[in-house]
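Here is what each chain is made of, one letter per residue.
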Amino acid sequence: PPSGGGGGGGGGSYFPLPPVTTCDGADFNHDGYVNSIDFSILLYYWKTNYPFKNVCVDINKDKKVDSVDFSIMLSQWGKRPTTK
């Protein structure tokens, strides 16, 4: 009987993010818009301990990622945020 081959591994895309030197509202990945990618990043850090590897997720700088940051994100949803 013929022997079967093994399955392949799952793929994914990796794109390097620029180093964080400044934050622009809820645009955590610096692609120019607040969208579902930023939402995913916020959820990753939800209720985790400070300091955060992505310093931008703490939008209001209270050392917590919580519903306040989520509300700020929603107010910027689908827009180009401007914090300058």
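Not measured: the values here are computed from a predicted model.

Undergrad: I'd love a proper account of the state of the cysteines, names of residues and values included.
TA: This structure, assessed with the given rule, holds one disulfide. The partner cysteine of Cys23 in its disulfide is Cys56, sulfur to sulfur 2.2 Å. Residues Cys23 and Cys56 share a disulfide whose torsion about the S-S bond is about -85°; that sign makes it left-handed. Linking Cys23 in the segment before helix H1 (36-45) with Cys56 in the loop between H1 and helix H2 (67-76), this pair joins segments that are 33 residues apart in sequence. Taking relative accessible area as the criterion, Cys23 reaches 26% and is therefore assigned partly exposed.

Undergrad: Could you give me a rundown of unusual backbone geometry, with the residues and numbers involved?
TA: For the bond from Tyr50 to Pro51, the omega torsion is 0°, close enough to zero to count as cis. Looking at the secondary structure, you find Pro51 in the loop between H1 and H2. The phi dihedral of Lys47 falls on the positive side, at around 60°, and the residue is not glycine. Of note, Lys47 is situated in the loop between H1 and H2. In this structure, Lys63 takes a positive phi of about 65° despite not being glycine. Within the secondary structure layout, Lys63 lies in the loop between H1 and H2.

What counts, and at which threshold
- Residues numbered from 1 in each chain as written.
- Predicted model: local features only at pLDDT ≥ 70, side-chain atom pairs only at ≥ 80, totals over all residues.
- Heavy atoms only, no water.
- Disulfide = S-S within 2.5 Å.
- Helix = DSSP H or I, 4+ residues; strand = E, 2+ residues; numbered from the N terminus.
- Buried < 20%, exposed > 50% of the residue type's maximum accessible area, 1.4 Å probe, protein only.

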